[in-house]
Amino acid sequence: MAYWLMKSEPDEVSIDDVLAAPEQTVAWFGVRNYQARNFMRDGMRVGDLALFYHSSCAEPGVAGIVEVCSAAYPDASQFDQASHYYDPKATLEQPRWISVDVRAVRKTALLSLKQLRTIPALADMRLLAKGSRLSVMPVDAHEWRTIEALLEK
DNA sequence: GCCAACGTTGGC
DNA sequence: GCCAACGTTGGC
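The structure reproduced in this document is the subject of the present report. (Residues numbered from 1 in each chain as written. Chains lettered and ligands numbered in written order. Predicted model: local features only at pLDDT ≥ 70, side-chain atom pairs only at ≥ 80, totals over all residues. Heavy atoms only, no water.)

### A closer look at the layout of surface pockets
This is how the line gets drawn: Think of a 1 Å grid over the protein atoms and nothing else: a 1.4 Å probe that fits but is trapped marks a cavity, an open set flanked by protein within 12 Å on at least five of seven lines marks a pocket, and residues with an atom within 4 Å of a point count as lining. Grid points are joined across faces, edges and corners, and a volume is the space filled by probe spheres set on the points. For the purposes of this entry, the term helix denotes a DSSP run of H or I that reaches at least four residues, the term strand denotes a run of E that reaches at least two, and both are numbered from the N terminus. Gly is placed with the polar residues, together with every amino acid not listed as nonpolar (Ala, Val, Leu, Ile, Met, Phe, Trp, Tyr, Cys and Pro) or charged (Asp, Glu, Lys and Arg).
Space inside the largest pocket adds up to approximately 620 Å³. Every residue lining the largest pocket is counted, 21 residues in all, and those nearest its centre are Lys 7, Ser 8, Gly 30, Tyr 85 and Ser 135. Counting residues per element, the ones that place at least two in the lining of the largest pocket are strand E1 (3-8) and strand E2 (25-28). Sorting elements by how many residues they give to the lining of the largest pocket places E2 first, with three residues. Split by residue class, the lining of the largest pocket holds nine nonpolar, seven polar and five charged.

### Details of the side chain of Ser 99
We apply this condition: Using a 1.4 Å probe on the protein chains alone, a residue whose accessible area is under 20% of its type maximum counts as buried, one over 50% counts as exposed, and one in between counts as partly exposed. Whenever two N or O atoms come within 3.5 Å, that pair is a polar contact, provided that in protein one can donate a hydrogen and the other can accept it, and provided that, for residues adjacent in sequence, both atoms are side-chain atoms.
Turning to its location among the elements, Ser 99 is positioned in strand E6 (residues 98-112). Here Ser 99 falls in the buried class, since its relative accessible area comes to 2%. Polar side-chain contacts of Ser 99 include one of 3.2 Å to the backbone oxygen of Trp 28.

### Thoughts on the protein's contact with DNA strand C
Formally: Each residue is tested against the molecule or strand, and it is near if at least one of its non-hydrogen atoms lies within 4 Å.
In the vicinity of DNA strand C, the residues found are Lys 7, Tyr 53, Ser 55, Ser 56, Pro 60, Leu 113, Arg 133 and Leu 134. When the atoms of DNA strand C within 4 Å of the protein are grouped by moiety, sugar and phosphate amount to 71% of the total. Ser 56 places a main-chain nitrogen or oxygen 2.9 Å from a phosphate oxygen of DNA strand C. In this structure, Arg 133 approaches DNA strand C through a side-chain N or O atom, which is 2.5 Å from a base oxygen.

Spelled out as structure tokens, the structure:
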């Protein structure tokens, strides 16, 4: 099993929104970066766990844990001309972008970016690297354990 | 709103 | 295939 971090703007989809959704499950759509897509397509498996990270907000940080609960499938929004995520170069025959479904495992007290930066064991975390912008990225097992221990406090 | 860092596009 | 220009992300 692999561990991930997935960024969401809480104004769009917050951890509370995931909890409020039917079966506490939402489609993770709108990824429009190839590296992030490839992680989802090639790395993610049903049952993988991910840190649910709130970005572009007053207090960015880890807000919960979600579980990947579907295989990758074409992201419907790429075909929707009315969508912000519409991609004119995507076709039904050759979709470019994918979604997975994620289910809320639990909401946590916010573990802020500021706090994460103070933890020596997380110094090499991809999220904390300068210029890191990926919306989906892997998390090392030891980083996961470190963060999970902090989330339980 | 600023801006650093990075990704993508397109002319050549 | 290079690389400048442009667009986006996301913290501050």
